[in-house]
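# Understanding the architecture of this molecule
Each chain, written out:
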Amino acid sequence: WRGRQGAPYSTLVPSDEVTITYRHGLPVVTLMLPTRSERCQFTVKPVVTTVGAFLQDVQREDKGIERAEVFAADGSKVSHATLMEVLLMNDFTLVINNTVYSVSPPVRDKLSSEHATEMEDVKSLVHRLFVALHLEDHQIRKERELLQKLDHLKEELLPLEQMKARIMDSADAKTSRLLWVGLALMSTQGGALAWLTWWVYSWDIMEPVTYFITYGSAMAFYAYFVLTKQDYIYPHAKDRQFLHYFYRKSKKQHFNVERYNKLKDDLAEVEESLRRLRQPLHLRLPIQEISDKD
C-alpha cells in the first residue's frame, strides 16, 4: 500500500487490529498504541468530533506518534474537518507512523421512523437548550457593554445639555420680547390711525392711507412666503425666529449642534437596543418574535 507521494509504508496491519463497536449509541474505536504497546479505546461523538480532533486525541494518548492520517478506500486523504459520522459510513485506512490499519466500520441497523423522529426531537431540544444558555450569557455581556456606552454618552452630553438649556432660555426670551414688541407696534399703529381719523383728519382722507398700509402688509407677507417657502403662520414664524436666535447664540458660545445631535441619536439607539434586549429576557421570548409582535 502506498501513501500520497507514492512511498510505500513499511507495515500493513490486519484489519482486526483496529475495531469499532457501538456502546450506548456512540462508536468506540479500539486500536493498539505503537509506543506503549497497549490497546486503547476512544469514544467518538460522531456528530461533533472531526477527523482532526480524533487524530489529536490519539497523538495525545501516545506521545511517540509522529504521524497520524486517514485515507479513504480509493487512497485519497480525508480532510481533518470531516466529521467522524461521515468517515464511519465507509471503509477507510488509518496510518499511524509507518503502520497502516485497514478499518471496516460495522453497518448499523437502520432506525425505525418513530425512533428516528424521537432522536431528531432530542437533538433539537439539546440544540435549543444550548442556544438558550449561551444566548443568555451573550445578552448579559451585551447589556453590560450597552450600559457602559450609555454612561459614556450621558457624561459627554451633560455639559452640552447644560449649555443648550442656557442658549434655549436666551433664545426664548429674545423671541418673547420680539413678539411683545410686535404687539406694541401694532397697538401704536392702530392708535395713530384712530387719532388721525377722528381728531386730525377725516375718514375720507385716511381711507386711502389705511388701504396702502393693508396692501403693504400683504406685500410683506408675500415676501415672507417667497423667502421662506412657508405661509406666515404665527406659531411657525415664532419657531423660525427662535431657531434663528438659537443658532446665532450657539455660534457665539461655540456650541456644536451637529455633535450634540449625533450624541443624542447614539443615545436613542443605545436605549432602544437595551429595550429590545431586556424585553425578551423578561418575557422569555426571542428578540425577532418580539419585533414581529410590535
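By the naming in an unreviewed UniProt entry, the protein is Calcium uniporter protein, taken from Atrichornis clamosus. Database annotation for the protein, UniProt heading Function (unreviewed entry): "Mitochondrial inner membrane calcium uniporter that mediates calcium uptake into mitochondria. Mitochondrial calcium homeostasis plays key roles in cellular physiology and regulates cell bioenergetics, cytoplasmic calcium signals and activation of cell death pathways." Per UniProt, the protein has the following entry under Sequence similarities (unreviewed entry): "Belongs to the MCU (TC 1.A.77) family."

## What to know about the sheet that holds strand S2 (residues 19-23)
What holds strands together in a sheet is hydrogen bonding between their backbones, with the strands either parallel or antiparallel. Strand order in the open sheet formed by three strands is S2-S3-S4, and the pairing between neighbours is antiparallel. The strands lining the two open edges of the sheet, one partner per strand, are S2 and strand S4 (38-43). Strand-to-strand twist of the sheet, defined as the mean angle between neighbouring strand axes without regard to direction, takes the value 30°. For strand S3 (residues 26-33) and S4, the ladder comprises six bridges, and the chain directions are antiparallel. When the bridges of S4 are listed, Met32 appears paired with Arg39. Against the sheet, helix H1 (residues 51-61) touches S3 and S4, its axis set at about 145° to S4.

## A closer look at H1
All buried positions along H1 are accounted for by Val51, Gly52, Phe54, Leu55 and Val58. Each buried residue of H1 lies within a common arc of 160° when the element is viewed along its axis, so the set occupies one face. Looking at the packing, one finds that the buried side of H1 touches S3, S4, strand S5 (68-72), helix H2 (84-87) and strand S6 (92-96).

## Examining the pattern of salt bridges
Tallied over the full model, the rule gives six salt bridges. Across the pair Lys77 and Glu69 runs a salt bridge whose closest N-O atoms are separated by 3.6 Å. In this structure Lys77 comes out as partly exposed when scored by relative accessible area, which is 34%. Note that Arg259 and Glu156 form a salt bridge whose closest N and O atoms lie 3.0 Å from each other. Of this pair, Arg259 sits in helix H6 (residues 257-283) while Glu156 sits in helix H3 (residues 113-200), and the two are 103 residues apart along the sequence. A relative accessible area of 23% means that Glu156 is categorised as partly exposed.

Calculation criteria
Residues numbered from 1 in each chain as written. Predicted model: local features only at pLDDT ≥ 70, side-chain atom pairs only at ≥ 80, totals over all residues. Heavy atoms only, no water. UniProt positions renumbered as here; feature names shortened; annotations may be inferred. Pairing = 2+ DSSP bridges. Helix = DSSP H or I, 4+ residues; strand = E, 2+ residues; numbered from the N terminus. Axes fitted to C-alpha atoms, helices over the stretch in contact; angles between N-to-C directions. Contact = heavy atoms within 4.5 Å. Buried < 20%, exposed > 50% of the residue type's maximum accessible area, 1.4 Å probe, protein only. Arc of directions from axis to C-beta. Salt bridge = Lys/Arg side-chain N within 4 Å of Asp/Glu carboxyl O.

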